[in-house]
Amino acid sequence: VNCIAGSTNFDINSNSSWTALSNQGWCTVTSSGNGTGTLIATYAENTLSTPRIAVITISANGVNPVNVTVNQDGATAILTVTPAVKHVDYLAGVTTFNVTSNVDWSTSSDATWCLPAASGSGAGILSVSYLQNETMVTRTANISVFATGVSPVQLQVIQSPSYVSVNERDEKGLTFFPNPASNYINVMIHD
C-alpha cells in the first residue's frame, strides 16, 4: 500500500471461526470472523521516509496460524531548515534553526569558529555554537544540512565584528568618538 492512510482487504476461506491480530499499532484488523469472509486491515499514514511492515496472524482451532503482511511505502523525504540566515553579535554563544524533516540528517560547516550539531533525526532544533569574533570584520559561516533523498539545505551564521573602545580623552589632547565604535571612529585634536 502507499504511504497515505487507508485500508486493504484479505479474503479468508475457512469452515470455522477465526481471530486476527496485527503486530503493529499503525495497522488494525478485523479481530474475528466465522467461516469464509473478509479481513479488513486499516492502516495509518506513514510520515517517515522508510517503508514499514505489519504482520497479521490469523488463527483458527485445529490448524496452523497463517501470517499475511501489509507492506506500506515510505513518504517522500522532506528536509527544510529555517531561517536560512541568522545574525549574531560578536560574543560567543549558541543560535538555533528549526528543522522540519522525516529523515535522518547531518551537518557540516566551512568555519572552525562556528560548529553545528553533527546530526539529528526528523523534526526538531539544530543548535549551532560559535566563538567570539575578536576581529573588526564581519564574518560568515556557511552550514550545509544533508539528508538522503533530498537536496542539501544551505544556512548562514553572520557574526558582527568586535567593537573598539579607547579612552575618550587622551592626555595628548585627542578625543575619540563614537565610543565604542564598530565601523568607523572620529578623532578630534584639542589644543
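These lines cover the structure that appears in this document, whether it is placed above or below. Sequence order as written defines the numbering, with residues in each chain counted from 1. The predicted nature of this model means local features are confined to residues of pLDDT at least 70 and side-chain atom pairs, given and counted, to a pLDDT of 80 or more, with totals for whole chains, interfaces and linings taken over all residues. By convention in this description, side-chain values take in all heavy atoms of the structure and omit both hydrogens and water.

1. Comments concerning the side chain of Ser 162
So the rule is basically this: Counting from the N terminus, the helices are DSSP H or I runs at least four residues long and the strands are E runs at least two residues long. Whether two residues are in contact is decided by their heavy atoms, any of which lying within 4.5 Å being enough.
For Ser 162, the position within the fold is in the loop between strand 16 (153–159) and strand 17 (174–177). Among all residues touching Ser 162, those that are not within four sequence positions of it are Tyr 90, Asn 133, Glu 134, Thr 135 and Met 136.

2. Brief notes about the packing of aromatic side chains
To be explicit about the condition: Each Phe, Tyr or Trp ring (for Trp, its six-membered ring) is paired with any other whose centre lies within 6.5 Å, and the angle between the two planes then decides the class: stacked below 30 degrees, edge-to-face above 60, tilted in between. Think of it as a cone above the ring: NZ of Lys or CZ of Arg counts as a charge over the ring if it is within 6 Å of the ring centre and within 35 degrees of the ring normal.
Across all of its chains, the model carries zero aromatic pairs by this definition. When the ring centre of Trp 26 is taken as reference, the NZ or CZ atom of Arg 52 above it lies at 4.1 Å. Sitting over the face of the ring of Trp 113, Arg 139 holds its NZ or CZ atom 4.1 Å from the ring centroid.

3. Regarding the sheet that holds strand 1 (residues 6–12)
To keep it simple, the criterion reads: When DSSP finds two or more bridges between two strands, those strands count as paired. Throughout, an axis means a line fitted to C-alpha atoms (over the contacting stretch in the case of helices), and angles, computed between N-to-C directions, take values from 0 to 180 degrees.
Judged by pairing direction, the sheet is antiparallel, and its three strands sit side by side in the order 1-5-3 without closing on themselves. If you trace the sheet from one side to the other, it starts and ends with strand 1 and strand 3 (27–29), each paired once. Each strand axis lies, on average, 25° off the axis of its neighbour in the sheet, ignoring direction.

4. Details of the sheet that holds strand 4 (residues 32–34)
Judged by pairing direction, the sheet is antiparallel, and its four strands sit side by side in the order 4-2-6-7 without closing on themselves. Whereas interior strands pair on both sides, the edge strands pair on one side only; in this sheet they are strand 4 and strand 7 (66–72). Across the sheet, the mean angle from the axis of one strand to that of its neighbour is 20°, orientation sign disregarded. Of the pairings in the sheet, the one linking strand 2 (residues 17–22) to strand 4 comprises three bridges and is antiparallel in character. Across the sheet, residue Thr 19 finds its bridge partner in strand 4, namely Ser 32.

5. Remarks on the state of the cysteines
Selection rule: For the purposes of this analysis, a disulfide is any pair of cysteine sulfur atoms at a distance within 2.5 Å. In this scheme, a residue with accessible area under 20% of its type's maximum is buried, one over 50% is exposed, and one in between is partly exposed, where area comes from a 1.4 Å probe on protein chains only.
Considering all chains together, one arrives at zero disulfides under this definition. The thiol sulfur of Cys 3 is not disulfide-bonded, and the nearest other cysteine sulfur, from Cys 27, lies at 15 Å. Overall, Cys 3 belongs to the buried group, its relative accessible area being 19%.

6. Side note on the nonpolar core
We count it as follows: Among the buried residues, those of types Ala, Val, Leu, Ile, Met, Phe, Trp, Tyr and Cys that are joined through side-chain atoms within 4.5 Å form a nonpolar core.
Membership of the largest hydrophobic core comes to 21 residues, with the highest contact counts inside it found for Leu 79, Val 81, Cys 114, Leu 126, Val 145, Leu 155 and Val 157. Elements represented by at least two residues in this core include exactly strand 8 (79–82), strand 10 (93–101), strand 14 (124–130), strand 15 (139–146) and strand 16. Excluding residues within four positions of it along the chain, Val 145 makes contact with Leu 79, Val 81, Trp 105, Ser 106, Thr 107, Leu 126, Pro 152, Val 153 and Leu 155.

7. Section: the environment of Ile 185
Summarising the element assignment, Ile 185 is placed in the loop between strand 17 and strand 18 (186–189). The exposure class of Ile 185 is partly exposed, given its relative accessible area of 41%. Sequence separation between Ile 185 and Phe 146 is 39 residues, and the spatial gap between their C-alpha atoms is 43 Å.

Just geometry here; none of it tells us what the structure is for.
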